Each structure stands twice: as structure tokens, then as C-alpha cells.
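Notes for the structure review
Residues per chain, in single letters:
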Amino acid sequence: MAAETAFSDLEKVIEDRKNNPADGSYTCYLFEQGIDKVLKKVGEEAAETIIAAKNGDKELLCGEINDLIYHLMVMANICGLSLEEVSAETERRAEKIGNLKKFKTVDRES
């Protein structure tokens, strides 16, 4: 399964859980708890991802990245941001690849 399809499918599941709550669904639990809970989970997952990367455990890192992506997608849904909008921004930024920014030279002697 291509990454694009996997993310699109996950987005559809998240939207479905929002519109059709199911008992025992973690996604529904997050929607019930609201944006503050989701933001807390995004922060926790980001920290866990950083630690997994630092520790060099590739399998754990892969799992943590997936957890982070999932929680980011729930957050995006709550904020009304679609995967299509994120993808469009990614494409826009990809056009800049190779265009190095020019940094100001600061004279630290004056």
C-alpha cells in the first residue's frame, strides 16, 4: 500500500469516527476529550519519537512516528485541515528545493 493511500485511508477512518462514534474507539475518545487532550497527545508522541530516534531503536522509532502521525491527523481534523491541504503545501514547498536561502552577514566586530 502506498503511503498516500494509507494516509488517505486513515483520514477517512478518523472522519468516520467523528461522524459515527463507535463504542471503545480510541479516536472517538479523543474527539470526546477535545482539542486539549489531542494536543497533549501530540506533544507526548513527539517527545517519544525524539527519544526513540536518540536511542537508535529503528523499530520503536517507526512505531512512534506512526503514533505521532495519527495524533497529528486527529488534530488536523479537529482544526478543519485536510490531508489534501497539507499535501498541497508540501508540493508548494517542494518547488523551493534547491533554492538556498541567503543569510545576512552580521559584522560582530562593530
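Before going into details, it helps to say that this report is about the structure given with it. (Residues numbered from 1 in each chain as written. Predicted model: local features only at pLDDT ≥ 70, side-chain atom pairs only at ≥ 80, totals over all residues. Heavy atoms only, no water.)

**Topic: the environment of T5**
Looking at the secondary structure, you find T5 in helix α1 (residues 3-19). T5 sits 24 residues away from Y29 along the chain, and the two C-alpha atoms are 25 Å apart. (Helix = DSSP H or I, 4+ residues; strand = E, 2+ residues; numbered from the N terminus.)

**With respect to the pattern of salt bridges**
The full count for this structure, using the stated rule, is five salt bridges. Note that R92 and E89 form a salt bridge whose closest N and O atoms lie 2.6 Å from each other. Within this pair, R92 and its partner E89 are both found in helix α5 (residues 83-94), separated by three residues, close to a single helical turn. A residue is classified by how much of its surface remains accessible, and E89, at 29% relative accessible area, is partly exposed. A cluster of three or more residues bridged by salt bridges with shared partners is formed by K41, E44 and E45. (Salt bridge = Lys/Arg side-chain N within 4 Å of Asp/Glu carboxyl O. Buried < 20%, exposed > 50% of the residue type's maximum accessible area, 1.4 Å probe, protein only.)

**Brief notes about the layout of surface pockets**
Its volume calculated, the largest pocket comes out at about 340 Å³. Considering the residues around the largest pocket, the lining is formed by 18 residues, among which M73, A76, S82, L83 and V86 are closest to the centre. Looking at the lining of the largest pocket, the elements with two or more residues in it are α1, α4 (58-78) and α5. At six residues, the largest contribution of residues to the lining of the largest pocket is made by α4. (1 Å grid on protein atoms, 1.4 Å probe; cavity = no way out; pocket = protein on both sides within 12 Å on 5 of 7 lines; lining within 4 Å. Points joined across faces, edges and corners; volume = space filled by probe spheres on them.)

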